[in-house]
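Notes for the structure review
This is what each chain is made of:
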Amino acid sequence: MFEATVAPAQGAFEFEPAREPAAYAALVHEIGEDGAGEVRAVFWSETSARLQLFRTLSLAQQHARIAREAHSLKSAAGTFGYVRLAGLALRLEKTAASLGDAEFHELLAQMDAAYGAARAQEPQG
């Protein structure tokens, strides 16, 4: 598997594709269609739970945990080619210790939107 490591400039995420189809194709090539589908289903479940978890954590008291969770989300999203979500998670990972509450909640809203966009771009069937 591979990981997204590029950090686009702030504001660039609106123009990034929500999903890079070649990433999933590479995963299918590596582990097969069934395996990739199963791993992706786990990703969706864990990502939904992680996005909810962020809202229960205190930014002031748990910024290190928020950064670790964001790192995990960035890696998983990058594996599947969810470029926008991976980039936003990277931003959260790198700035968790310095964000204000308003910025944190705005970033979470952007991550929710990126998650929804990635889901919407999934092939049907």
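Residues numbered from 1 in each chain as written. Predicted model: local features only at pLDDT ≥ 70, side-chain atom pairs only at ≥ 80, totals over all residues. Heavy atoms only, no water.

Some words on the confidence of the model for the protein
Here is the rule we go by: The predictor attaches a confidence to each residue, called pLDDT, with possible values from 0 through 100. A run of DSSP states H or I qualifies as a helix once it reaches four residues; a run of E qualifies as a strand once it reaches two. Both are numbered from the N-terminal end. We call two residues contacting when some pair of their heavy atoms lies within 4.5 Å.
A residue-level look at the protein finds 84% of positions with pLDDT of 70 or above and a mean pLDDT of 86. Model confidence for the protein, summarised as mean pLDDT per element, is weakest for helix α1 (residues 21-31) at 89 and strongest for helix α4 (residues 83-95) at 96. Predicted confidence is poor over residues 1-10, with pLDDT under 50, and the contacts of this stretch with residues over four places away or in other chains come to 19 contacts.

Looking at helix α2 (residues 33-54)
Defined as follows: Helix span, expected: 1.5 Å multiplied by one less than the number of residues in the helix.
Taking 1.5 Å of rise per residue, the 22 residues of α2 would be expected to cover 32 Å, and the 31 Å separating its terminal C-alpha atoms lies within 8% of that figure. Structurally, α2 contributes buried residues whose contacts are with α1, α3 (59-80), α4 and α5 (101-120).

Structural notes on the nonpolar core
Nonpolar side chains in soluble globular proteins tend to end up buried together. Let me state the cut-off plainly: Working definition of a nonpolar core: buried Ala, Val, Leu, Ile, Met, Phe, Trp, Tyr and Cys residues. They are joined through side-chain atoms within 4.5 Å. Three exposure classes are used, based on accessible area relative to the maximum for each residue type with a 1.4 Å probe and protein chains only: buried under 20%, partly exposed in between, and exposed over 50%.
Ranked by internal contacts, the top residues of the largest apolar core, which has 30 residues, are F54, L85, L92 and M111. Those elements giving two or more residues to this core turn out to be α1, α2, α3, α4 and α5. Setting aside its immediate chain neighbours within four residues, L92 contacts F54, I66, A70, L99, F104, L107, L108 and M111.

Here's the deal with the pattern of salt bridges
Put simply, the rule reads: Salt bridge, as used here, is a side-chain nitrogen of Lys or Arg placed within 4 Å of a carboxyl oxygen of Asp or Glu.
Scanning all chains against the criterion turns up four salt bridges. When the shortest N-O distance is used, the salt bridge between E69 and R65 registers 3.8 Å. With E69 and R65 both in helix α3 and four residues apart, the pair spans about one turn of that helix. For E69, a relative accessible area of 16% puts it in the buried group. Among the charged side chains, a salt-bridge network with shared partners connects R50, R65 and E69.

Description of the packing of aromatic side chains
Selection criterion: Any two of the Phe, Tyr and Trp rings considered here, Trp counted by its six-membered ring, make a pair once their centres fall within 6.5 Å; the pair's planes then place it as stacked at under 30 degrees, edge-to-face at over 60, or tilted in between. Criterion for a charge above a ring: Arg CZ or Lys NZ at most 6 Å from the ring centre, at most 35 degrees from the ring normal.
Enumeration according to the criterion identifies six aromatic pairs in this entry. Between the aromatic rings of W44 and Y82, the centroid separation amounts to 4.9 Å while the plane-to-plane angle is 45°, which identifies the pairing as tilted. Taken together, the residues span a long stretch of sequence, with W44 in helix α2 and Y82 in the loop between α3 and α4 at a distance of 38 residues. Like W44, the residue Y82 is buried in the burial classification. With a centroid separation of 6.1 Å and 25° between ring planes, the pair formed by F80 and Y82 is classed as stacked. Of the aromatic side chains, those joined through ring pairs into one cluster are F43, W44, F80, Y82 and Y115. Positioned over the ring face of W44 is R119, at 4.4 Å from the centre of the ring.

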